[in-house]
Amino acid sequence: MSPKSLGVLTEDCLDRQFMKQVEPAWKKVLTCFQCGTCSVSCPAISLMDYPPRQLWQLLRLGLREQVLHSRTFWLCTQCYACTARCPRGIMTSETMRNLREWAVAENVGVPAAILKLRDTVRATYNILNENNAARLIWSRNLPAAPAQLQTAARANVEVLLFTGCVSSFYPMAYSIPQSLVQILEQAKISYATLGGEEWCCGYPLYGAGMQSEVAALARHNIERVRALAPQNLVATCSSCFHTWKHLYPAHTNGDGAFGFAILHASEFLARLLADKRIKMAKLPWVVTYHDPCDLGRKHGVYDAPRAVIQNIPGITLREMANHRADAMCCGGGGDVAMMETAVTDDIAARRLAQAVSTGAEAIISSCQQCKRTLLGAARKTKTRIKILDVTELVWQAMEK
Ligand code: SF4
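So, here's what we can say about the structure.

Analysis parameters
- Residues numbered from 1 in each chain as written.
- Predicted model: local features only at pLDDT ≥ 70, side-chain atom pairs only at ≥ 80, totals over all residues.
- Heavy atoms only, no water.
- Helix = DSSP H or I, 4+ residues; strand = E, 2+ residues; numbered from the N terminus.
- Rg over C-alpha atoms; globule rule 2.2 N^0.38 Å.
- Buried < 20%, exposed > 50% of the residue type's maximum accessible area, 1.4 Å probe, protein only.
- Contact = heavy atoms within 4.5 Å.
- Areas by Shrake-Rupley, 256 points an atom, 1.4 Å probe, with all protein chains shown as cover.
- Lys, Arg positive; Asp, Glu negative; His and termini not counted.
- Charge placed at Lys NZ, Arg CZ, Asp CG, Glu CD.
- Polar contact = N/O pair within 3.5 Å; in protein donor to acceptor, adjacent residues only side chain to side chain.
- Pairing = 2+ DSSP bridges.
- Axes fitted to C-alpha atoms, helices over the stretch in contact; angles between N-to-C directions.
- Parallel < 35°, antiparallel > 145°, perpendicular 65-115°, else oblique.
- Near = heavy atom within 4 Å.
- Left-handed = near helix turned anticlockwise from the far one by under 90°.
- Nonpolar A, V, L, I, M, F, W, Y, C, P; charged D, E, K, R; others polar.

1. Structural notes on the overall build of the protein
Assigned secondary structure in the protein consists of 20 helices and eight strands. The C-alpha atoms of the protein give a radius of gyration of 22 Å, which matches the 21 Å a tight globule of 400 residues would have. With the C-alpha coordinates of the protein rotated into their principal frame, the extents come out at 75 × 45 × 35 Å. Here the protein, with 400 residues, has 57% of them falling under the buried criterion. Across the protein, every contact between residues at least 6 apart in sequence was considered, and the portion connecting residues at least 24 apart equals 76%. On the protein, roughly 16,300 Å² of surface is accessible, and the fraction owed to carbon and sulfur atoms is 51%. Here the protein contributes 44 positively and 33 negatively charged side chains, and the mean placements of these two sets differ by 4 Å.

What follows is the structure in structure tokens.
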């Protein structure tokens, strides 16, 4: 019996050029044994025209037009749940993103919201079409204006805070950088920001299938931060952190090194606690923790935020049914919220319900986009639960 009659494709069955466009490690797709684990792992599957498993089969069969016109890869939140679980080790999420690259290159079926996003970032250097010079607007209503924030370009500081577009411009997330700078002030740690010289990290465009747009943003941000020579770049946003760690090394003129460490805020806070540079007061809350996909599955940062939470006297951490590598996405990734709000709303409502079922009075996360998405779901479903970033939790619990 031939491999074909067994339903097993060989390399010769495939159009190699086509496969290289959509999957750099394309031979891996050949090894898919159609178990469907990726499909059942996908939080957006109910609204897709083809489940991921079926899309891989169409790819293997070389049915380009069918694949190119599918909505499936535009609805992928890039949560990596499928990638983490695929028994064949196929980079399923990255293949979805590569399909977006292909659709953009062919100019076929690219959602209007994605083209608008590209034009907005090109024109304003942020995703919200705001005046980028106003990047420090989040600091305006702090109880006392921190002296260290008055001069944006301070060199040789311990912390360069990379704020990210969401915390810079969405009022519901202002309190995340506000909390971090107040923690740093209290702990007498030197810090700075890039102010209006911080540009979008580029991850929303990378996720949109526009990888080529990232280079100019990356080079600008790297150059500005290097000029200040901080000890650490600290990002409160999991996506910015992921971009600096995963994408920016390719834009460092070859050596892949920055000259400073890149940390997520939860990692930096865990260090401060371990070194006894900050001290927590009692906070008798019952909380649950939501793992952001960009921090957890993509980087394996699970312990640092939990260590921070469990360092607070009196707090009880109750895990959700799906946590750590098995965590559910909040629905806020992959630019899906700006294309198909219904998909994000559906996923976020399910994650919120999981959190509520723990009996926790607060959801703690480590990403401004997760906070924004879960807050939106709580408002729409009229759910009473506090939703805080780990940075806000620390500032709330800190001995003042
Ligand atoms: Fe194929 Fe992996 Fe999906 Fe299973 S989980 S169908 S092996 S891609």
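2. Digging into the side chain of Thr124
Positionally, Thr124 belongs in helix 8 (residues 112-124). A polar contact of 3.0 Å, which involves the side chain of Thr124, links it to the backbone oxygen of Asn126. Excluding anything up to four places from it in sequence, Thr124 contacts Asn129, Glu130 and Asn132.

3. Notes on the sheet that holds strand 8 (residues 386-389)
Here four strands make up an open sheet; going across it, the order is 6-5-7-8 and the pairing parallel. Edge strands, defined here as strands with exactly one partner in the open sheet, are strand 6 (316-317) and strand 8. Summarising the sheet, strand 5 (residues 286-289) and strand 7 (residues 362-365) pair through three bridges and their orientation is parallel. Opposite Thr288, over in strand 7, you have Ile363 as the bridge partner. Contacting strand 7 and strand 8, helix 19 (residues 368-380) runs over the sheet at an angle of about 170° to strand 8.

4. Notes on the packing of helix 18 (residues 341-356) against helix 19
Here helix 18 crosses helix 19 at 85°, and the two axes come no closer than 9 Å. If you check the angle between helix 18 and helix 19, you find them roughly perpendicular. Across the interface between the two elements, Thr341, Thr344, Asp345, Ala348, Ala349, Arg351 and Leu352 from helix 18 touch Thr373, Leu374, Ala377, Ala378 and Lys380 from helix 19.

5. Thoughts on the site of the ligand
Looking at the ligand, there are 14 residues lining it, with Cys32, Cys35, Gly36, Cys38 and Cys86 nearest. Put simply, the parts of the chain that give the shell around the ligand at least two residues each are helix 3 (37-41) and helix 4 (52-60).

6. Brief notes about the packing of helix 4 against helix 7 (residues 92-106)
Between two packed helices, the angle of one axis relative to the other and the distance separating the axes together describe the packing. At their nearest, the axes of helix 4 and helix 7 sit 12 Å apart, and the two run at 60° to each other. Classified by the angle between their axes, helix 4 and helix 7 sit oblique to one another. Handedness of the helix 4/helix 7 crossing: left-handed. Residues Pro52, Leu55, Trp56 and Leu59 of helix 4 form the contact with helix 7, whose participating residues are Thr92, Thr95, Met96 and Leu99. Taken together, the residues of the contact of helix 4 with helix 7 break down into six nonpolar, two polar and no charged.

7. As for unusual backbone geometry
Trans is the prevailing form of peptide bonds, just as negative phi is the prevailing case for residues other than glycine. Even without a glycine there, the phi angle at Asn156 is positive, about 55°. If you trace the backbone, Asn156 turns up in the loop between helix 9 (147-150) and strand 1 (159-162). Within the chain, Ala229 stands out as a residue other than glycine whose phi angle is a positive 45°. Here Ala229 lies in the loop between helix 13 (214-228) and strand 3 (232-235).

8. Focus: the sheet that holds strand 4 (residues 261-264)
Here four strands make up an open sheet; going across it, the order is 2-1-3-4 and the pairing parallel. At either margin of the open sheet sits one strand with a lone partner, and together these are strand 2 (191-193) and strand 4. On average, adjacent strands in this sheet sit at an angle of 30° to one another, irrespective of strand direction. Here three bridges tie strand 1 to strand 2, and the two strands are oriented parallel to one another. Within strand 2, the residue paired with Leu160 across the bridge is Ala192.

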